[in-house]
Amino acid sequence: MGFRDVPRDSSSQTRIISIINQKGGVGKSTTAVNLSAALNTKGKKVLLVDFDPQGNSTSGFGIEKEELEQCVYDALIHNVAAEDLIHETDCEKVFVIPATIQLAGAEIELVSAMARETRLKELLAPVKDEFDYIFIDCPPSLGLLTINALAAADSVLIPIQCEYYALEGVTKLLESMRMVKERINPTLDVFGVLMTMFDSRTSLANQVVDEVRAYFGDKVFETLIPRTVKISEAPSFGMPVTEYAPNNKGAIAYMNLADEVIDRA
């Protein structure tokens, strides 16, 4: 069954959300995979665009990167159509445009390309209306790939790790957003801020949550994603934690986050 044969919830408009933070290791790919899977259980049809050369969202759904003949790099550089890149997953309503290490070269090759900031937006246009949500898993940088992701999105979801220096670099990210909003994408906004790797036993984690809530206000989701072994283990099995360990507190947290995302959309 192709992605066009799977129905979507046509009662709402498609939301394109870039999952972004230029710091690495904050849970971007983990959130991209598990939020997509959680929304699937709520009946939502999701396209996850892996836009990080590490390809963690690709392998997180069990797609073997070594066996791929094409990835999102080929769309950006060689104009391959999105529908030729979309892969099914074991989640009925979740589809993935994969990434491989090839994508790292796109940052350089795009420099001299025409309309270089809007390549991803153009790629998604023909398939956008097929999905309820399109998530873009961004690389941990503020280069041309991330600019493409910001230009293509309606809004951004910012995962922030519950550790010291949590807000370090966020002002730079918001400055990049502001520039894209002014010059390329005037409707771009912050969809939400997600606290990840939360350990309620430490006073530092609670202090960081308070600090982030003070900075972002009601943009911060109520749901806190806990630090759990099952969330860390799930990618090695090519599964979201909602499938790997559905009763785990991490899986339950992502289900709660999916409810919040639906409410905000």
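Up top you'll find the structure we're talking about.
Residues numbered from 1 in each chain as written. Predicted model: local features only at pLDDT ≥ 70, side-chain atom pairs only at ≥ 80, totals over all residues. Heavy atoms only, no water.

Moving on, we come to the sheet that holds strand S5 (residues 133-137). The eight strands are arranged S3-S4-S2-S5-S1-S6-S7-S8 in an open sheet whose pairing can be described as mixed. Looking at strand neighbours, the two that pair on one side only are strand S3 (87-88) and strand S8 (220-226), the edges of this open sheet. Sheet analysis places S3 next to strand S4 (residues 94-97), joined by two bridges and oriented antiparallel. Its bridge partner being in S4, Glu88 is matched across the sheet by Phe95. Where helix H6 (residues 144-152) meets the sheet, it contacts strand S1 (15-19), S5 and strand S6 (155-161), and its direction lies at approximately 155° from that of S1. (Pairing = 2+ DSSP bridges. Helix = DSSP H or I, 4+ residues; strand = E, 2+ residues; numbered from the N terminus. Contact = heavy atoms within 4.5 Å. Axes fitted to C-alpha atoms, helices over the stretch in contact; angles between N-to-C directions.)

The next subject is the packing of aromatic side chains. A complete count under the given rule lists eight aromatic pairs for this structure. Taking 6.3 Å as the distance between ring centres and 70° as the angle between the ring planes, the aromatic pair formed by Phe3 and Phe95 counts as edge-to-face. Placement of the pair is Phe3 in the segment before S1 and Phe95 in strand S4, with a sequence separation of 92 residues. Like Phe3, the residue Phe95 is buried in the burial classification. Seen from their ring centres, Phe191 and Phe221 are 6.2 Å apart, and the 55° between their planes marks the pair as tilted. Of this pair, Phe191 sits in strand S7 (residues 189-198) while Phe221 sits in strand S8; the two residues are 30 residues apart in sequence, bridging distant segments of the chain. Each member of the pair, Phe191 as well as Phe221, carries the same accessibility label: buried. The structure contains a cluster of three or more aromatic residues connected by ring pairs, namely Phe3, Phe95 and Phe131. Above the face of the Phe131 ring, Lys45 is positioned so that its terminal group lies 5.1 Å from the ring centre. One residue, Arg264, lies across the ring of Phe221, its end atom 4.0 Å from the ring centre. (Phe/Tyr/Trp six-rings, centres within 6.5 Å; stacked < 30°, edge-to-face > 60°. Buried < 20%, exposed > 50% of the residue type's maximum accessible area, 1.4 Å probe, protein only. Lys NZ or Arg CZ within 6 Å of the ring centre and 35° of its normal.)

On to the packing of H6 against helix H7 (residues 170-183). H7 packs onto H6 with a crossing angle of 55° between their chain directions and a minimal axis gap of 10 Å. Taken together, the axes of H6 and H7 lie oblique to each other. Like other packed secondary-structure pairs, H6 and H7 cross with a definite hand, here right-handed. The residues of H7 that touch H6, namely those facing Ile147, Leu150 and Ala151, are Ser176, Met177 and Val180. Its residues placed into classes, the contact of H6 with H7 shows five nonpolar, one polar and no charged. (Parallel < 35°, antiparallel > 145°, perpendicular 65-115°, else oblique. Left-handed = near helix turned anticlockwise from the far one by under 90°. Nonpolar A, V, L, I, M, F, W, Y, C, P; charged D, E, K, R; others polar.)

Within the largest apolar cluster, 59 residues are counted, with the highest numbers of intra-cluster contacts made by Leu47, Val49, Ile136 and Ile160. Element by element, the count of residues in this core is highest for H6, at six residues. Ignoring any residue separated from it by four or fewer positions in sequence, one finds Leu47 in contact with Ile86, Phe95, Val96, Ile97, Leu124, Val127, Phe131, Tyr133, Ile134 and Phe135. The next biggest cluster of nonpolar side chains, apart from the first, holds 33 residues, and it includes Ile63, Val96, Ala253 and Val261. (Core = buried A, V, L, I, M, F, W, Y, C linked by side-chain atoms within 4.5 Å.)

The next subject is the layout of surface pockets. Taken as a whole, the largest pocket holds about 310 Å³ of empty space. Mapped by element, the contributors of at least two residues to the lining of the largest pocket are helix H1 (28-41) and helix H2 (56-60). Of the residues forming the lining of the largest pocket, the biggest block, five residues, is contributed by H1. Grouping the constituent residues of the lining of the largest pocket by class yields 10 nonpolar, 10 polar and three charged. (1 Å grid on protein atoms, 1.4 Å probe; cavity = no way out; pocket = protein on both sides within 12 Å on 5 of 7 lines; lining within 4 Å. Points joined across faces, edges and corners; volume = space filled by probe spheres on them.)

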